[in-house]
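Inside the fold
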Amino acid sequence: MSRISGAIHEMQTIEESASRDQWVNRLHPLVKFLVTLFYLVCVVSCGRYDLPRVLGLALYPFVLFELTDLPLGQALCRLRLVLPLVCIVGIFNPLLDRRPGAELLGFTLTLGLLSMLTLMAKGILTVLASYLLVATTPVEGLCAAMRMVHIPRMIVVEFLLIWRYLSLFMNEVQKTTEAYRLRAPGQKGIAMKYWGSLMGSMLLRSIDRAGEVYEAMCLRGFTGDFPSGRFPGAGRRDLVYLAGFGAGILFLRLFPVLVLIGSIVAR
Amino acid sequence: MSHIHIEVKDLSFSYGQDRKILDRISFTAREKDAIGIIGANGAGKSTLLKLLVGLLDGFEGSIRVEEIPVEKRTLQRVREKIGYVFQDADNQLFSVNVYDDVAFGPRNYGLPEEEVDRRVRKALARVHLEGFDEKPVHRLSGGEKKLVSIATILSMTPDILLMDEPSAALDPRNRRNLIRILGEFDHLKILTSHDLDFIWDTCSRVLVLHQGGILYDGDPDTILRDEKTLAMVGLELPLSLTVR
Ligand SMILES: Nc1ncnc2c1ncn2[C@@H]1O[C@H](COP(=O)(O)OP(=O)(O)O)[C@@H](O)[C@H]1O
Ligand SMILES: [Mg+2]
């Protein structure tokens, strides 16, 4: 399988896992959306050097991976393109800030190193939490949830169309590269001089198709609203989830659990 | 006389400044008609269908669907009456699984979820795809996708069915399937095709589009045996009429 069809396949399996019939998937999308949002705020708002607190917050994605039996390894593998990007952000911090920050097993960690590690951890955790949301909630559900919290319709529709457009575009890329490869056997990759014209035709075709998909939606009564009839009011289960996870995340945010455990163990 | 469902009067259309694709064409379609629109590639068949559902604007003349003039303000109402099946099923289906796609239209009309469910099951039954609801759309075969795309329209219970090149890319079994499904839809339907055998099997009236105008409007029997006219518009006799 080529890399591109691999990527398409992965997107489709994410969508498929989102429509699995499983308790987390059945939860009200708004509840999952709010919990995820709250988690992101909690992670991002941790202090620059507050590595223990951020690591404590890692409990949430791991618990959720456990509960949903989505394979963590597979998730890391799928996110292999994004994760290095979020890790690269703080990479120069250790060079810039050499003041001593903390002691660990006799080594002195500089503040720069600490802030780099904290940033990386924050990046990875936010990506994982977003992945968990997308992998357990169909995209229409997400859109409906966003509308319920009054995110402007324009933005939500845009989000939906980009989501759909991405898979169309990758589809066109796959078709085009396959057609190219069949007529250029034995060649590795695509010769540079064709990049322009191939790229152009892929863009045009996928935009055409996206236009038609949008027309098909409009013909079936799509007006930019996401009917919430499918998601009747949140039930007991949803409220329990919201309260439970909300409180758990808040607890992890307020108390650096790792430090507490550490001090208990040290005593 | 059954009542008129679609009335097209002096309809002209061109994309941008170019030549006119359709030039002052007129016709009416009645409740039980099964109309096949034929013509060479590029004759304007798809364009005509898109005009009927209001996907293209800037036309001259008038189009009325069940007495409602097709214009920006009435699109919502017109589209509740007309179902349009795209030529490329891939562009019509955009949900993850079959059920959600077939339910998309009814949900947008704000129907209660039990009614949506009833309609989805009925539509899937009509295209003989019971039990396909949980299947991921991208795992379907081309023929199955076509049938699902028809179900997505049937679930909206349209009075009129438009289909662009429905038989393209179907294997013989799915083609027979489709012919039967079309036969069971006893409202007005309009299809385009250059597959004249398919038209022969499904239509009771034929319109020939040629150079922007309607060259023929009448029963299939006469035109589909008229080798000379067909050749002139770039089509060939249906196979089923040539082999004896
Ligand atoms: N979006 C468009 N922009 C410009 N020209 C178009 C567009 N779509 C179709 N055409 C032109 O209009 C003519 C009729 O097209 P179409 O209705 O698709 O024909 P048919 O369906 O009969 O094959 C063709 O010459 C085609 O090139
Ligand atoms: Mg066409």
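Up top is the structure these notes are about.
Residues numbered from 1 in each chain as written. Chains lettered and ligands numbered in written order. Predicted model: local features only at pLDDT ≥ 70, side-chain atom pairs only at ≥ 80, totals over all residues. Heavy atoms only, no water.

**Overview of the nonpolar core**
The line we're drawing: Among buried residues, those of type Ala, Val, Leu, Ile, Met, Phe, Trp, Tyr and Cys that are joined through side-chain atoms within 4.5 Å constitute a nonpolar core. For the exposure calls, accessible area comes from a 1.4 Å probe over protein chains only, and a residue counts as buried if that area is under 20% of its type's maximum, exposed if over 50%, partly exposed in between. A run of H or I in DSSP counts as a helix once it spans at least four residues, and a run of E counts as a strand once it spans at least two, with each numbered from the N terminus. Should any heavy atoms of two residues lie within 4.5 Å, those residues are considered in contact.
In this structure, Ile 6, Leu 162 and Ile 190 of chain B are the most contacted members of the largest nonpolar core, which totals 56 residues. The greatest single-element share of this core, amounting to six residues, is contributed by helix H10 (residues 139-148) of chain A. Excluding residues within four positions of it along the chain, Ile 190 of chain B makes contact with Ile 6, Ile 35, Ile 37, Leu 49, Leu 52, Leu 161, Leu 162 and Met 163 of chain B. With 45 residues, the next largest nonpolar core counts Leu 129, Met 163, Tyr 216 and Leu 230 of chain B among its residues.

**Description of the site of ligand 1**
All names here are of chain B. Stated precisely, the cut-off is as follows: If even one non-hydrogen atom of a residue comes within 4 Å of a molecule or strand, that residue is called near it. For the purposes of these results, a polar contact is taken to be a pair of N or O atoms within 3.5 Å, where, inside protein, one atom must be able to donate a hydrogen and its partner to accept one; residues adjacent in sequence count only when each atom of the pair is a side-chain atom. Gly is placed with the polar residues, together with every amino acid not listed as nonpolar (Ala, Val, Leu, Ile, Met, Phe, Trp, Tyr, Cys and Pro) or charged (Asp, Glu, Lys and Arg).
If you check the shell around ligand 1, you find Tyr 15, Arg 19, Ile 21, Ala 40, Asn 41, Gly 42, Ala 43, Gly 44, Lys 45, Ser 46 and Thr 47 and nothing else. Gly 44 has a polar backbone atom sitting 3.0 Å from an oxygen atom of ligand 1. Between an oxygen atom of ligand 1 and a side-chain N or O atom of Ser 46, the distance comes to 2.7 Å. In terms of residue class, the shell around ligand 1 is made up of four nonpolar, five polar and two charged.

**A closer look at the packing of helix H3 (residues 29-44) of chain A against H10 of chain A**
Residues and elements named next belong to chain A. For clarity, the threshold we go by: Orientation is described by axes fitted as lines to C-alpha atoms, over the contacting stretch for helices, and by angles from 0 to 180 degrees between their N-to-C directions. Just so you know how the angles are binned, under 35 degrees is roughly parallel, over 145 roughly antiparallel, 65 to 115 roughly perpendicular, and the rest oblique.
Interhelical geometry of H3 versus H10 gives an angle of 70 degrees and a closest axis separation of 8 Å. As far as their axial angle goes, H10 and H3 are roughly perpendicular. Along the contact surface, H3 presents Pro 29, Leu 30 and Phe 33, while H10 presents Gly 141, Leu 142, Ala 145, Met 146 and Met 148. The residue inventory of the contact of H3 with H10, partitioned by class, reads seven nonpolar, one polar and no charged.

**Comments concerning unusual backbone geometry**
Residues and elements named next belong to chain B. Located in the positive-phi region is Asp 10, a residue other than glycine, with phi close to 45 degrees. One non-glycine residue with positive phi stands out, namely Gln 211, at about 45 degrees. Here Gln 211 lies in the loop between strand E9 (205-210) and strand E10 (213-218).

**Here we look at the interface of chain A and chain B**
Spelled out, the test is: Defined in terms of a 1.4 Å probe, buried area is the accessible area two parts forfeit on being brought together, summed over both.
Contacts between the two partners involve 22 residues from chain A, matched on the other side by 29 residues from chain B. Across the chain A/chain B interface, buried area totals approximately 2400 Å², and carbon plus sulfur atoms make up 55% of it. Across the chain A-chain B interface, the total number found is five residue pairs in polar contact (both at pLDDT 80 or more). Broken down by secondary-structure element, the contributors of at least two residues to the side of chain A that touches chain B are helix H1 (3-18) and helix H12 (192-219) of chain A. Among the elements that line the side of chain A that touches chain B, the one with the most residues is H12 of chain A, at eight residues. Its residues assigned to classes, the side of chain A that touches chain B shows seven nonpolar, five polar and ten charged.

**Thoughts on the sheet that holds strand E1 (residues 4-13) of chain B**
Residues and elements named next belong to chain B. Put simply, the rule is: Here a strand pair is declared whenever DSSP counts at least two bridges between the two strands.
Reading across the sheet, the four strands line up as E2-E1-E4-E5 and stay open at both edges, with antiparallel pairing between neighbours. This sheet does not close on itself; its edge strands, each paired only once, are strand E2 (22-30) and strand E5 (68-69). On the sheet, helix H1 (residues 45-52) packs against E1, E2 and strand E4 (60-65) and is oriented at approximately 120 degrees with respect to E1.

**A few points about the packing of aromatic side chains**
The description of an aromatic ring pair rests on the distance of the ring centres and on the angle between the ring planes. Residue and element names in this part refer to chain B. Rules: Ring geometry is summarised as follows: Phe, Tyr and Trp rings, the Trp one being its six-membered ring, pair when their centres sit within 6.5 Å, and such pairs are stacked at plane angles under 30 degrees, edge-to-face over 60 and tilted between the two.
Scanning the entire structure with this criterion turns up eleven aromatic pairs over all chains. Note on Phe 94 and Phe 104: the rings are 4.8 Å apart at their centroids and 80 degrees apart in plane angle, and the pair reads as edge-to-face. Here the residue Phe 94 occupies a position in the loop between helix H3 (89-92) and helix H4 (98-108), and Phe 104 occupies one in helix H4, the gap between them amounting to ten residues. The same class applies to Phe 94 as to Phe 104, namely buried.

**Notes on the pattern of salt bridges**
Note the threshold: Whenever Lys or Arg places a side-chain nitrogen within 4 Å of a carboxyl oxygen from Asp or Glu, that contact is recorded as a salt bridge.
Tallied over the entire structure, the rule returns 18 salt bridges over all chains. Here the salt bridges share partners, and the residues they tie into one network are Asp 33, Arg 205 and Asp 217 of chain B.

**Things to note about H4 of chain B**
Counting buried positions along H4 of chain B yields eleven of eleven residues, so the element is predominantly enclosed. All buried positions along H4 of chain B are accounted for by Val 98, Tyr 99, Asp 100, Asp 101, Val 102, Ala 103, Phe 104, Gly 105, Pro 106, Arg 107 and Asn 108 of chain B. The elements touched by buried residues of H4 of chain B are H12 of chain A together with H3, helix H5 (113-126) and helix H6 (142-154) of chain B. Positive backbone phi, approximately 75 degrees, marks Gly 110 of chain B, located one or two places after H4 of chain B.

**Quick look at the sheet that holds E9 of chain B**
Residues and elements named next belong to chain B. With mixed pairing, six strands are arranged side by side in an open sheet as E6-E7-E8-E3-E9-E10. Where the open sheet ends on each side, the last strands, each with one partner, are strand E6 (82-85) and E10. Direction aside, neighbouring strands of the sheet carry axes that sit 15 degrees apart on average. Summarising the sheet, strand E3 (residues 34-38) and E9 pair through four bridges and their orientation is parallel. Across the sheet, the residue bridging to Ile 37 is Leu 207, located in E9.

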